[in-house]
Every structure is written in C-alpha cells, then in structure tokens.
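# Survey of secondary and tertiary structure
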Amino acid sequence: MTLVIAPTDAALGAVATGVDLGRPVEDAVAAEVRMALCQHGVLAFPDQDMAPEAQVALTRQLGEPEVHVLSDFALEDMPEVFIVSNVRKDGKPVGAINAGQYWHSDLSYTARPTFASMLHAKEVPPGRGETLFASMVRAYETLSDEIKVRIDGCHAVHDYTLAYETVFADNPDRTLTAEQAAEVPPVEHPVVRTQVETGRKAIYVNPGFTRRIVEMDADKSRETLETLFAQATDPSNIYTHHWQVGDFLMWDNRITMHMALSNYAANDVRHLLRTSVTGEIPV
Ligand code: OGA
Ligand code: MN
C-alpha cells in the first residue's frame, strides 16, 4: 500500500488514498500520514470501512488519545470514542448534538489543546452538513504588517464556558454543569503559535472559545479579534468538506479552525465517530 496525497484547490487540505484504514496501519505509514497532516492541515480519506477499534488504534499511532469532558457522549466501552450525532433515543441525544456549529479549534480552552481530531462518517445527510476549515497559517501570512506587529507576543484567554454563554445560550440539549465547567478553567495561549514540525506561524484564536487578548483593553481586544476572525474566515482561506458515508477526516487543530454547518433537516441523520490526540503546550 502506498499513501497518495493530492492537495485540494483550496487554501488547505488534501485527499489521501492508497491506504485501508480498516486494517492495521504500519508505523511508517502512520508517520507519513502525520507528516501530510501537519503539511496540509486537513486530510480526507474517502470510503474507509473502519471499526471503532481500528480508529482508536490509528489514533494511538498519532499520539495520546483524549477523553472529552462530556463523557455521556462517549461509546460505552471505548471512552476515547466520542459520538457526534443528531440522533435521539427516547428523546435524549445519543451524542454531542449541534457539535462545533461555530468557528473553533478543538479544546483550545485546555492547557494542552488537541493536536489532531478525526471523524469517521457513519451516516450523513446527502449534500448537506458540510464542515468548513480555515487555514490559520495562511490567515497569519496574509495579515497586514500593522496587525502582525500589534499581536506579536500577545496572549489570549480561552474559555469553554464562552460557547455556552453564546452559541448554546438557548439550547437545552447543550448544557454544562458547574462540575464540568470546573474541570475546564480558562487558560491563556499565545495569539500566534508555531507549528513545531514545520516552523510555520499560525493565528491561534477562535470565535468559539477566545474571550479576549490579555495585553489589550476590551475595545482593542474585540477589534483585533474581529480583524483576525475576518481574515481567517475569508472564503479564499477555507476548505469545505462535503461528507460522504465512509469518509475519514483528520485535521491539525494547531493550524486550522473549523465549523460544522447546520443546514440539514431535523429528520436527516448525521452520525459520526470522533477521536482526538492531545497536543503540546502552544508556543
Ligand atoms: C468536532 C466538530 C464538526 C462536525 O467533532 O470537533 O467540531 O462537522 N465537529 O461535526
Ligand atoms: Mn470541533
């Protein structure tokens, strides 16, 4: 088996073929996958027939699997596998419903945020429920010199509860107990981080979890964050993933942010299995 990487026409992302992820992946191939992921930010492996066990095994080859704070939404016998789904059983969501329907980078609100996240599409609404990815490397590179100087050396506060105060404010399916909130206190990270493998700089703030820039007053911080978000979410800076059943998608959260679209009907089924790998302390 030979891994073949074909970059998309967009600012980031590549399609990966030539490997069957349903079978054990050689360490050398896993290392190639890791390198391609760091380079392209997003890798799409179409048409993969993978059991959750195989997904966990590959996840382990890329690093230390994470267990999400919303533990109710994990597979019963595999806490590393988190369910992203709009399916309900007896009225209760079986997984994280409305997951990631706002621009964010996974777990940026923790001290060691996610490196790679992976989703395997089990059932998706045809032609809808896309996931958008922004290149935070290109977003940084295309900033004006004035903004680059302004944010140089700055830090930002990331806080999971921000999403619950804003996007989930009126969503009874998405609540966070005080106990859960206490497990994820706010953290500070550099506004610009460096991808260790390539030395590239990337903007590391996101609308979902970033409250403010520490070194600026409230107005300057808001204005600066809005400028950074606008740069990142410009259409020229985005790859849109159109899901097919069997797609296995992975992304490097250190150099991308993402958002799921909620453009499907209530009775459309969108059900994916998710794993992720812890990253380093951002520098
Ligand atoms: C995630 C997420 C997006 C999607 O799993 O981290 O944001 O498309 N999901 O479901
Ligand atoms: Mn996410």
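Below: a short report on this structure. The structure displayed is predicted, hence computed values, not measured ones. Within every chain, residues take consecutive numbers counted from 1 along the sequence as written. Whichever chain is written first becomes A and whichever ligand is written first becomes 1, with later ones labelled in order. Where totals are concerned, whole chains, interfaces and linings use all residues; where local detail is concerned, this predicted model gives features only for residues with pLDDT of at least 70, and gives and counts side-chain atom pairs only at 80 or more. Calculated side-chain values reflect all of the structure's heavy atoms, with hydrogen atoms and water omitted.

## Here's the deal with the sheet that holds strand 16 (residues 248-252)
- Spatial ordering of the open sheet is given by 1-2-3-16-8-18-5-4, a layout of 8 strands whose pairing is mixed. The sheet is open, and its two edges are formed by strand 1 (4-7) and strand 4 (74-75), each paired on a single side.
- Residue contacts are defined here by distance: any two heavy atoms, one from each residue, within 4.5 Å place the two residues in contact. Axes here mean lines fitted to C-alpha atoms, for a helix over just the part in contact, with angles spanning 0 to 180 degrees between N-to-C directions. Helix and strand labels come from DSSP, where a helix needs a run of H or I of at least four residues and a strand needs a run of E of at least two; each type is numbered from the N terminus. Lying on the sheet, helix 1 (residues 27-40) is in contact with strand 1, strand 2 (14-17), strand 3 (42-45), strand 8 (114-123) and strand 16; it crosses strand 3 at an angle near 125 degrees.
- Against the sheet, helix 2 (residues 52-62) makes contact with strand 4, strand 5 (78-85), strand 8, strand 16 and strand 18 (271-278), and its axis sits at roughly 25 degrees relative to strand 18, the strand it touches most. A strand pair is defined by DSSP finding two or more bridges across the two strands.

## Quick look at the nonpolar core
- Among the buried residues, those of types Ala, Val, Leu, Ile, Met, Phe, Trp, Tyr and Cys that are joined through side-chain atoms within 4.5 Å form a nonpolar core. Each residue's exposure class comes from its accessible area (1.4 Å probe, protein chains only) as a fraction of the maximum for that residue type: buried when under 20%, exposed when over 50%, partly exposed otherwise. Grouped together as the largest cluster of nonpolar side chains are 28 residues, with contacts concentrated most on Val-42, Leu-70, Phe-133, Tyr-160, Tyr-164, Trp-243 and Leu-249.
- For this core, the secondary structure elements donating two or more residues are strand 3, strand 5, strand 8, helix 5 (161-165) and strand 16.
- Residues within four places of Trp-243 in sequence aside, it is in contact with Leu-119, Ala-121, Val-124, Gly-129, Glu-130, Thr-131, Leu-249, Arg-270 and Leu-272.
- Met-136, Ile-203, Leu-228 and Ile-255 belong to the second largest nonpolar core, which has 27 residues in total.

## Some details on the site of ligand 1
- We define proximity as follows: a residue is near a molecule or strand when any one of its heavy atoms falls within 4 Å of that partner. For ligand 1, the full set of nearby residues is Val-84, Gly-100, His-104, Asp-106, Leu-119, Thr-131, Trp-251, His-258, Ala-260, Arg-270 and Arg-274.
- Throughout this description, a polar contact denotes any pair of N or O atoms lying within 3.5 Å of each other; where both atoms belong to protein, one of them has to be capable of donating a hydrogen while the other can accept it, and for residues adjacent in sequence the pair is counted only when both atoms sit in side chains. Between His-258 and ligand 1, the recorded distance is 3.0 Å, taken from a side-chain N or O atom to an oxygen atom.
- The contact in question runs from an oxygen atom of ligand 1 to an N or O atom on the side chain of Arg-270, over 2.7 Å.
- Gly is placed with the polar residues, together with every amino acid not listed as nonpolar (Ala, Val, Leu, Ile, Met, Phe, Trp, Tyr, Cys and Pro) or charged (Asp, Glu, Lys and Arg). Looking at side-chain class alone, the shell around ligand 1 contains 4 nonpolar, 4 polar and 3 charged residues.

## Points about the environment of Ala-230
- With respect to the helices and strands, the residue Ala-230 is situated in helix 7 (residues 218-232).
- Considered as a pair, Ala-230 and Ala-139 are 91 residues apart in the sequence and their alpha carbons are 9.1 Å apart.

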